[in-house]
Amino acid sequence: MDQIVNVDEFQELAKQALPKMYFDFYNGGAEDQHTLKENVEAFRRIIFRPRVLVDVSKIDMSTKILGFPIMIAPTAMHKLAHPEGEIATAKAAAASNTIMIVSFMSTCTIEEVASSCNAVRFLQIYVYKKRDVTAQIVRRAEKAGFKAIVLTVDVPKLGRREADIKNKMISPQLKNFEGLVSTEVRPNEGSGVEAFAASTFDASLSWKDIEWLRSITKLPILVKGLLTREDALKAVEAGVDGIVVSNHGARQLDYSPATITVLEEVVHVVRGRIPVLLDGGVRRGTDVFKALALGAQAVLIGRPIVYGLAAKGEDGVKKVIEMLKNEFEITMALSGCPTIDDITRNHVRTEKERLH
Ligand code: FNR
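- Labelled according to an unreviewed UniProt entry, the chain appears under the name (S)-2-hydroxy-acid oxidase, originating from Camelina sativa.
- The Subcellular location (unreviewed entry) field of the UniProt record for the chain holds the comment "Peroxisome".
- The Subunit (unreviewed entry) field of the UniProt record for the chain holds the comment "Homotetramer."

And the structure:
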C-alpha cells in the first residue's frame, strides 16, 4: 500500500481486482462520457493565486458545519466491490472522522452499517413508486441514528450507461428491501440496474414532494443533483437544509456541465442561507481547495472510495481519505491558508478569468 501515492492509482488496482461487469459499472458514465472527462478536466483548468509569508506552521482543516470538508458520496452496492461492503466503508469513515452518505441501494442494511461503528452517517434516498417503501427506510434510518437524509433528484430515469447495457449488468437483491420490493434483475439483455430503476423509481417526483418528505422525517434534508441557479432557488424556497451540486458522477445526463463550472452560480443565489456541497471529479486535495474557494462547504468523493474498497477493503478506503486529506493540507499551507476560513475566492483563478 505504501507504493500508492495518489487516488487515481487505486483505479487500476480496482480494475485488476474486479470482474469486468462490476468495474465497468463503477467506472462508467452515460453515453459519450463527455461529462465524465469534463468533471475531472474542469478542475485542472482552475489555477491558484497562492499567498506567501503567512504563518502556516499549524493547519486547521476543521469546518464549522460538517466538521471536515471531505465526505463519502453515496455509491451503490459496495458488496460487489468487496465482501464486507458498506460496513468496511463505514469503518474507514469512522476511523477518518469523515461523514459517510450511505446509498439507498446499499448491499448491507442500514442497521448493519449503523451497528458496525460510530461513523456519522447520512442516508441517501430515492423515492419509489411505492412511496411507503421509501418512508419505511427513512424511519428505519432515523431510528438507527442517521443524521440527515439526502434526496437524490437527478434520477427520474436511469442514464444510459452503455457498458452496463453491453455487460447485462445485474441488479442483486438489496437487503434493505427484502420483503418490501424485489430488486433482483438478471437480464437477458440490457442493464438490469436500468430495468430495476425503470420499474421502481417514481419519475413523477417534483418539488412539492419535499413537503411529503418533511412530513415523514424530522431529519435535515439535503437535495443532491442540481446544476442551475433556478433549481438552487427552488431548493431554498422548498426549505431544504442543504444542496449538493452534482451530475451524479456523469452517469445521468451526458453533456451536463462539469460540476465545478456551475458551483458559483448556485453559491451566488443561495447567498449563504444553506450549505452548498459539490461532487464530481474530485481526485486531489487541490480539487477540494478549489471547490471551497468557489464557495462549497464540503465535497463528496464517489469513485475513488469504491476503488479503494475494491483494491484493499477498509484499509483502501482509509488510504484514499488520508491521501486527499494530506494533499488538501499541503495545498492550504502552500496557498497561505492556515484555516478553512482563510480560503477565499481570491485564491483561485478560473479559466474564464484567465481568458479576459
Ligand atoms: C453513484 N452515485 C450515486 N448517487 C446516489 O445518489 N445514489 C447512488 O446509489 C449512487 N450510486 C452510484 C454508484 C456508482 C458506482 C457511482 C460511481 C456513483 C453518484 C455519487 O453519489 C456521486 O454523485 C458521484 O460518484 C461523484 O462523482 P465522482 O467522485 O465519482 O467523480
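1. Details of the site of the ligand
Then comes step 1: Taken together, 23 residues form the shell around the ligand, and within it Pro 74, Ser 103, Thr 152, Asp 279 and Arg 283 come nearest.
Then comes step 2: Within the side chain of Arg 303, an N or O atom sits 2.9 Å from an oxygen atom of the ligand.
Then comes step 3: Protein burial of the ligand: of its 600 Å² of free accessible surface, 98% is covered by the chains.
Then comes step 4: Of the residues belonging to the shell around the ligand, the class tally is eight nonpolar, ten polar and five charged.

2. Some thoughts on the packing of helix α12 (residues 285–293) against helix α13 (residues 303–335)
Then comes step 1: Interaxial distance between α12 and α13 falls to 7 Å at its minimum, and their mutual angle equals 60°. Taken together, the axes of α12 and α13 lie oblique to each other. Helix-helix and strand crossings are classified by hand; for α12 and α13 the assignment is right-handed. Of the residues in α13, those touching α12 at Gly 285, Thr 286, Val 288, Phe 289 and Leu 292 are Leu 324, Glu 327, Phe 328, Thr 331, Met 332 and Ser 335.
Then comes step 2: By residue class, the composition of the contact of α12 with α13 is six nonpolar, four polar and one charged.

3. Here we look at the packing of aromatic side chains
Then comes step 1: If you walk through the whole model with that rule in mind, you get eleven aromatic pairs.
Then comes step 2: Arranged with centres 5.5 Å apart and planes meeting at 55°, the rings of Phe 25 and Tyr 26 form a pair that is tilted. As far as burial versus exposure is concerned, Phe 25 and Tyr 26 are alike and both buried.
Then comes step 3: Between Tyr 128 and Phe 196 the ring centres are 6.1 Å apart and the planes differ by 85°, which places this aromatic pair in the edge-to-face class. Of the two residues, Tyr 128 sits in the loop between β4 (121–125) and α6 (131–143) while Phe 196 sits in helix α8 (residues 192–200), which places them 68 residues apart along the sequence. Like Tyr 128, the residue Phe 196 is buried in the burial classification.
Then comes step 4: Taking NZ or CZ as reference, Arg 121 lies 4.8 Å from the ring centre of Phe 146, over its face.

Cut-offs and rules
Residues numbered from 1 in each chain as written. Predicted model: local features only at pLDDT ≥ 70, side-chain atom pairs only at ≥ 80, totals over all residues. Heavy atoms only, no water. UniProt positions renumbered as here; feature names shortened; annotations may be inferred. Near = heavy atom within 4 Å. Polar contact = N/O pair within 3.5 Å; in protein donor to acceptor, adjacent residues only side chain to side chain. Areas by Shrake-Rupley, 256 points an atom, 1.4 Å probe, with all protein chains shown as cover. Nonpolar A, V, L, I, M, F, W, Y, C, P; charged D, E, K, R; others polar. Axes fitted to C-alpha atoms, helices over the stretch in contact; angles between N-to-C directions. Helix = DSSP H or I, 4+ residues; strand = E, 2+ residues; numbered from the N terminus. Parallel < 35°, antiparallel > 145°, perpendicular 65-115°, else oblique. Left-handed = near helix turned anticlockwise from the far one by under 90°. Contact = heavy atoms within 4.5 Å. Phe/Tyr/Trp six-rings, centres within 6.5 Å; stacked < 30°, edge-to-face > 60°. Buried < 20%, exposed > 50% of the residue type's maximum accessible area, 1.4 Å probe, protein only. Lys NZ or Arg CZ within 6 Å of the ring centre and 35° of its normal.

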